[in-house]
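Survey of secondary and tertiary structure
This is what each chain is made of:
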Amino acid sequence: MLIDYHLHLLGHEDRKATVENAAEFLKQAENRNIKKVGFSDHQRFYKQFDFSVIQEAGTYFPDLEVKTGIEMNYIPGQEQRMTNLMSQFYLDHTIGSVHYIGDWPFDHPDYREEYEKWDLTELYKEYFSYVKEMVETGLFDIIGHLDLIKVFDFRPEEGVMELVEPVLEVIAREDQVIEVNTNGLNKPAEEIYPSRRILERAYQKGVTITLGSDAHSAERVGENLDQVREMLKEIGYREIAAFSDREREMVKL
Ligand SMILES: [Zn+2]
Ligand SMILES: [Zn+2]
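1. Some words on the overall build of the protein
On a plain count of helices and strands, the protein comes out with seven helices and nine strands. On C-alpha atoms alone, the protein measures out to a radius of gyration of 17 Å, which is about the 18 Å that the 2.2 N^0.38 rule sets for 253 residues. Counting only C-alpha atoms, the protein reaches 50 × 40 × 30 Å along its principal axes. Out of the 253 residues belonging to the protein, those deemed buried represent 40%. A separation threshold of at least 6 residues defines the contact pool for the protein, and within that pool the share at least 24 residues apart is 80%.

2. Description of helix α5 (residues 160-173)
Residues spaced three or four apart along an α-helix face the same direction, because each turn holds 3.6 residues. For α5, spanning 14 residues, the distance from its first C-alpha to its last is 20 Å, which sits close to the expected 20 Å at 1.5 Å a residue. Helix geometry: α5 is bent most strongly at Pro 166, by close to 30°. Of all the residues in α5, the buried ones are Val 160, Val 164, Val 167, Leu 168 and Ile 171. In the core, the buried residues of α5 are packed alongside α4 (120-137), β5 (142-143), β6 (177-181) and α6 (196-204). Positive backbone phi, at 50°, marks Asp 175, one or two positions downstream of α5.

3. Examining unusual backbone geometry
Omega for the bond connecting Tyr 193 with Pro 194 falls within 30 degrees of zero, at -15°, which places this linkage in the cis form. Here Pro 194 lies in the loop between β6 and α6. Unusually for a residue other than glycine, Asp 175 sits at a positive phi of about 50°. Inspection of the secondary structure assignment puts Asp 175 in the loop between α5 and β6. The class for Asp 175 is exposed, based on 11 C-beta atoms found within 10 Å. One non-glycine residue, Asp 214, lies in positive phi territory at about 60°. By the secondary structure assignment, Asp 214 is in the loop between β7 (208-212) and α7 (225-235).

4. With respect to the pairing of strand β9 (residues 247-252)
Counting buried positions along β9 yields zero of six residues, so the element is predominantly exposed. In terms of strand pairing, strand β8 (residues 239-244) meets β9 through six bridges, oriented antiparallel. Counterpart to Ser 244 in the pairing with β9 is Glu 247. A loop of two residues connects β8 with β9, the two strands running antiparallel in sequence, and Asp 245 in this loop sits at a positive phi of about 50°.

5. Considerations on the sheet that holds strand β4 (residues 93-97)
Here we have seven strands laid out as an open sheet, ordered β1-β2-β3-β4-β5-β6-β7, and parallel in their pairing. With one partner strand each, in any of the chains shown, β1 (2-7) and β7 form the two edges of the open sheet. For β5 and β6, the ladder comprises two bridges, and the chain directions are parallel. Residue pairing across strands places Ile 142 opposite Val 177, the latter belonging to β6.

6. Things to note about the environment of Thr 208
Relative to the elements of secondary structure, Thr 208 occurs in strand β7. Take Thr 208: there are 19 C-beta atoms within 10 Å of it, and that puts it in the partly exposed class. Expressed as a C-alpha distance, the spacing of Thr 208 and Lys 132, which sit 76 residues apart in the sequence, is 16 Å. Discounting residues that sit within four places of it in the chain, Thr 208 has contacts with Val 177 and Ala 241.

7. Some remarks on the packing of α4 against α5
Interaxial distance between α4 and α5 falls to 9 Å at its minimum, and their mutual angle equals 5°. Between α4 and α5, the crossing angle belongs to the class labelled roughly parallel. Contacts from Tyr 124, Lys 125, Phe 128, Val 131, Lys 132, Val 135 and Glu 136 in α4 reach Val 160, Leu 163, Val 164, Pro 166, Val 167, Val 170 and Ile 171 in α5.

8. Some thoughts on the environment of Lys 125
Take Lys 125: it is sitting in helix α4. Residues Lys 125 and Ala 22, 103 residues apart in the sequence, show an inter-C-alpha distance of 38 Å.

Conventions and cut-offs
Residues numbered from 1 in each chain as written. Chains lettered and ligands numbered in written order. Predicted model: local features only at pLDDT ≥ 70, side-chain atom pairs only at ≥ 80, totals over all residues. Helix = DSSP H or I, 4+ residues; strand = E, 2+ residues; numbered from the N terminus. Rg over C-alpha atoms; globule rule 2.2 N^0.38 Å. Buried ≥ 20, exposed ≤ 12 C-beta atoms within 10 Å, placed from the backbone. Contact = placed C-beta atoms within 7 Å. Expected span 1.5 Å × (residues − 1). Bend = angle between axes of the 7 residues up to and from the residue. Pairing = 2+ DSSP bridges. Axes fitted to C-alpha atoms, helices over the stretch in contact; angles between N-to-C directions. Parallel < 35°, antiparallel > 145°, perpendicular 65-115°, else oblique.

Read these as spatial facts, not as claims about activity.
This is the structure:
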């Protein structure tokens, strides 16, 4: 079964939350044979959230299970604020994502030159320490795009696996879920998040996964998820996590 739990109805404020716009996303999900769909807009647009339009659009697609969630930007020390924000909404799932190192939005193309200032091994170490800290808070159901730091294809010569190992360790110990996110294929990294190597290691450690396209427009809903499913089966995965009311259940991949 295919799931896409990482959809941005609002994009980056590209459109409004309307039944028509939500229906466009759902139509594409149906075209791509997705069975469970989850909207997860960025928390910074929370004032524009309107889950009622999502539910209404869902009534036109009775074969789809439509869920509502949020993508939270993880900022160390802001746990209480994040909890308060999430408690305002009925959420089926929450995605925790690291988009900032200090005040640097490292996945934003306008701030790309900042990479030149870093030793890449140090940068990756710093990034994964944020992710590890986020996992340790236990605040989120899904760990978003685990190796997003590769987005612009700045990569250390070697050693990424050693840096990610302690993070996978905590994810496995805390029994958290990582998403397999296909949006990296559209970026200079030209690779899913996380990489196949990381997923193979995650599988060995018994880490649970789920799926997301990170679509910021209807066309991208479910993009490349069928190919990814084949790859995940090669690795050994047979089940993926689905969420309702922040409870996890496993479904056949
Ligand atoms: Zn993100
Ligand atoms: Zn996203």
